[in-house]
Each structure stands twice: as structure tokens, then as C-alpha cells.
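# Architecture and fold: a report
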Amino acid sequence: MTSRNRLFLLPLLALILAACSKSPAQKEAAEQAAAQSASRPTIVFMTDFGTANDAVSICKAVIIGIAPDARIMDITHQVTPYQIDEASRFLFDVTPYYPAGTVFLVVVDPGVGTSRKAVIAKSRKGQFFVLPDNGLVTPVLDRDGLATAREITNQAWMIEAPLSSTFHGRDIFSPAAAHLASGWDFNLVGPEVSQLVRLTPKVSITSEKGIEGDIIGLDDPYGSLITDIPGDEFKKLGYSLGDKLRIEINKKPVILPYVKTFMDVPVGDSLLYIDSRGRVGIANNEGNYSKKFGVTPPGTIFIPRKGTPIKGK
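## Concerning the overall build of the chain
Along the chain, the regular secondary structure elements total eight helices and 14 strands. Counting only contacts in the chain whose residues sit at least 6 apart along the sequence, the fraction spanning at least 24 positions is 65%. Accessible area for the chain stands at about 16900 Å²; split by element, carbon and sulfur atoms hold 56% of it.

## Topic: the sheet that holds strand S4 (residues 118-123)
The strands making up a sheet are joined through hydrogen bonds of the backbone, oriented either antiparallel or parallel. Here we have six strands laid out as an open sheet, ordered S2-S1-S3-S5-S4-S6, and mixed in their pairing. In this open sheet, the two strands that pair with only one neighbour each are strand S2 (71-76) and strand S6 (146-151). On average, each strand axis in the sheet is tilted by 20° relative to the strand beside it, whichever way the strands run. Sheet topology note: the strand S3 (residues 103-107)/strand S5 (residues 128-132) ladder contains three bridges and is parallel. Within S5, the position partnered with Leu105 by the bridge is Val130. With respect to the sheet, helix H4 (residues 84-94) is in contact with strand S1 (42-47), S2, S3 and S5, its orientation differing from that of S2 by roughly 125°.

## Points about the environment of Ala149
Within the element layout of this structure, Ala149 appears in strand S6. By relative accessible area, which is 1% here, Ala149 ends up buried. Taking C-alpha positions, Ala149 is 5.6 Å from Ile120, a pair spaced 29 residues apart along the chain. Those residues within four positions of Ala149 in sequence are excluded, and the remaining contacts are Ile120, Ala121, Pro191, Glu192, Val193 and Leu196.

## A closer look at the side chain of Thr227
The topology assignment puts Thr227 in strand S9 (residues 224-230). Of the residues examined, Thr227 reaches a relative accessible area of 0% and is grouped as buried. A distance of 3.2 Å separates the side chain of Thr227 from the backbone nitrogen of Ile229, its partner in a polar contact. Within the local environment of Thr227, its side chain forms a polar contact with the backbone oxygen of Val280, the two atoms lying 2.7 Å apart.

## Quick look at the confidence of the model for the chain
Close inspection of predicted coordinates is inappropriate in any region flagged by low pLDDT. On average, the chain scores 90 in pLDDT, and the residues at 70 or more come to 86%. Segment residues 32-37: pLDDT under 50, and one contact once partners within four positions in sequence are set aside and those in other chains are kept.

## What about a nonpolar patch on the surface?
On the surface, Phe262, Met263 and Val267 cluster together into a nonpolar patch covering about 300 Å² of accessible area. Assignment of secondary structure puts Val267 in the loop between strand S11 (252-257) and strand S12 (270-274). Assessed through its relative accessible area of 52%, Val267 is described here as exposed.

## Overview of the packing of aromatic side chains
What describes a pair of aromatic rings is the distance from one ring centre to the other and the angle between the planes of the rings. Evaluated as defined, the whole model comprises nine aromatic pairs. For the pair Phe104 and Phe129, a centre-to-centre distance of 5.1 Å together with 10° between the ring planes defines the contact as stacked. Of the two residues, Phe104 sits in strand S3 while Phe129 sits in strand S5, which places them 25 residues apart along the sequence. When sorted by exposure, Phe104 lands in the same class as Phe129, which is buried. Measuring from ring centre to ring centre gives 5.8 Å for Phe234 and Tyr239, while their planes differ by 10°; the resulting arrangement is stacked. Feature note: the residues Tyr98, Phe104 and Phe129 constitute an aromatic cluster, connected by ring pairs. Over the ring of Phe92 we find Arg143, and its NZ or CZ is 4.3 Å from the ring centre.

## Details of helix H3 (residues 55-66)
Here H3 is 12 residues long and its end C-alpha atoms lie 17 Å apart, about the 16 Å a rise of 1.5 Å per residue gives. Every buried residue of H3 is accounted for by Ala55, Val56, Cys59, Val62 and Ile63. Looking straight down H3, one finds that the buried residues subtend no more than 125° of arc, so they occupy a single side. Those residues of H3 that are exposed and aimed more than 90 degrees away from the buried face are Ser57 and Gly65. Lining the buried residues of H3 we find S1, S2, S3 and helix H6 (168-181).

About the cut-offs
- Residues numbered from 1 in each chain as written.
- Predicted model: local features only at pLDDT ≥ 70, side-chain atom pairs only at ≥ 80, totals over all residues.
- Heavy atoms only, no water.
- Helix = DSSP H or I, 4+ residues; strand = E, 2+ residues; numbered from the N terminus.
- Contact = heavy atoms within 4.5 Å.
- Areas by Shrake-Rupley, 256 points an atom, 1.4 Å probe, with all protein chains shown as cover.
- Pairing = 2+ DSSP bridges.
- Axes fitted to C-alpha atoms, helices over the stretch in contact; angles between N-to-C directions.
- Buried < 20%, exposed > 50% of the residue type's maximum accessible area, 1.4 Å probe, protein only.
- Polar contact = N/O pair within 3.5 Å; in protein donor to acceptor, adjacent residues only side chain to side chain.
- pLDDT = per-residue confidence, 0-100.
- Patch = residues over 30% accessible without salt bridge, like charges linked within 9 Å, V, L, I, M, F, W, Y side chains within 5 Å.
- Salt bridge = Lys/Arg side-chain N within 4 Å of Asp/Glu carboxyl O.
- Phe/Tyr/Trp six-rings, centres within 6.5 Å; stacked < 30°, edge-to-face > 60°.
- Lys NZ or Arg CZ within 6 Å of the ring centre and 35° of its normal.
- Expected span 1.5 Å × (residues − 1).
- Arc of directions from axis to C-beta.

Here it is as C-alpha cells:
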């Protein structure tokens, strides 16, 4: 063995021997640390506050002051201001990837300071939702089921200061989420709510002529159009990958190829595809469809059945 190889192997052997020589106490401590990390409460946070001010940081400071071990994860703080429908869609898409016991803290609250309730809802999946009672959680509970819901009225669950009439994200929702994550008894937060406010989201309509739907959002920063047309409903129209469709966007005819992914068309060309959430999407390969064609939500889309002329629909 050369001296160079010996110089390389000796430190490696030392590391292996050190790893193998851990005492039972050291191994137990490492296992306990791993278990504690895995059991840390998770708060998943979403607002329409944006990032140009200190509101999100203040809410997180309130949480950490109450539940220092909480792991705070963000969905987004760039929800279009006041857009409950948009926040509801984000929440619906994200929740399946988190386990039971997760606390979702959502503050999109155009009714702050009014008679609307501040609530905690628990789904049958075992997830908790701390948010205003404005319908935001409706799609999630329609899918997962509602176990119970309670109004946040117990002052002990709120901030230890006079409540503001315009910043319940700091004063009510963040401390309530933190107390819940730290193990406080959910039944003590306030009285049970028998009926939550329901959101009535727009849904596409399928007829013998085709599907009428809405443009409900943008997949930013790419500017792709998100629609409310389920991919499974679209597939009933008879199209195959590679077909060119003559559809209407905001009542204007548009011809688009139906493809699987962006690079199935040349760079700069537009396409129709089924997005990662299972909805019909409209995109521009390596471009921004919304900016290129001046299309922003809300808007309308009509897709005819294959072989059906778009005129006279």
C-alpha cells in the first residue's frame, strides 16, 4: 500500500471506529433527539399579508413565544388580497400532504373586526384549521369531513394584550394555533359551532355541447391559466393527445394543441394540458401566457366536444 493511500484510509478508519464505538447511552440520546424532532408540532401558515411589511413576522413571533418547539411552515403569504376563493383552493391542494395533527393557520379575513366568528375546525382526518368562519375551509371539509368546530372565545387562548379590531391574525388566530400546537385542550377554546359558513365555489358545467368553465387563477410566476375544469371531465370530450382544439377564452376563439407537457410544443408556443392538480391548464412553453395574451382571472373558457363546431353553441 502506498503512503498516499495510507494517509487517505487512516482518517476514514478512525471515523468508522468512532461511529461504531458509540455507547448505549449515546445511541439512546440520539434516538430520543430524533423522536423529539419527529414529534414537534407543525403549524402550516397562509395569509394575504404579503411580504412588504412586518405582519407575518409578528404572527410568527407570537407563535414562538407560546410554542417555542413549533415547526412553522408556509403555504404562501401572497394570496391575492381578500380572495377567499383563492386561499381556499391553495388550502385544498396542500392539506393532503400533511399528517393528522397538523395545525393549519389561515388568515385571509376581509371581515376582520365584524361579527364573523374566529373558529377552530377539526376534520375527520384529524387536522386542525384555525381561521375566520368565512367559508375558506369548505372544500377541505367537503372532501375530508368535519369532526367538530369551536368558536375561539376563551381569552386565555388569545394574546395577553388588548385586542385590535384589525389584526386578529396576531391577537387571536396565531396564539390560538400556538396553544393548540402546544397541547392545550381543544374543547376549552370556546363553544361548539353547529354550522360553519359555506363557500360556494364555481364549478364547470358539462353539456352535450362541451364544457363551460372559469379561469380561476394563475400559476405564477409562469402566468399559466388555472381553470375549474377537472381533467376527468375534459377527457370525456373525446380528445386525444396531439389533437388541436378550437376553444374559447373570454368568448374569443383560440386554437391550442392538447399535449402532456410543456416541451411537447416548440418554445414560445401555447398549449392545453392537465396540470399537476388534475385541472385543465393553458400555458406558454417558456413564456407567460397571461402576459403574452392579456388574460387574467376572472375569465371564462369553453371547450367543445370533439367534432362539435364552436359556433352555435
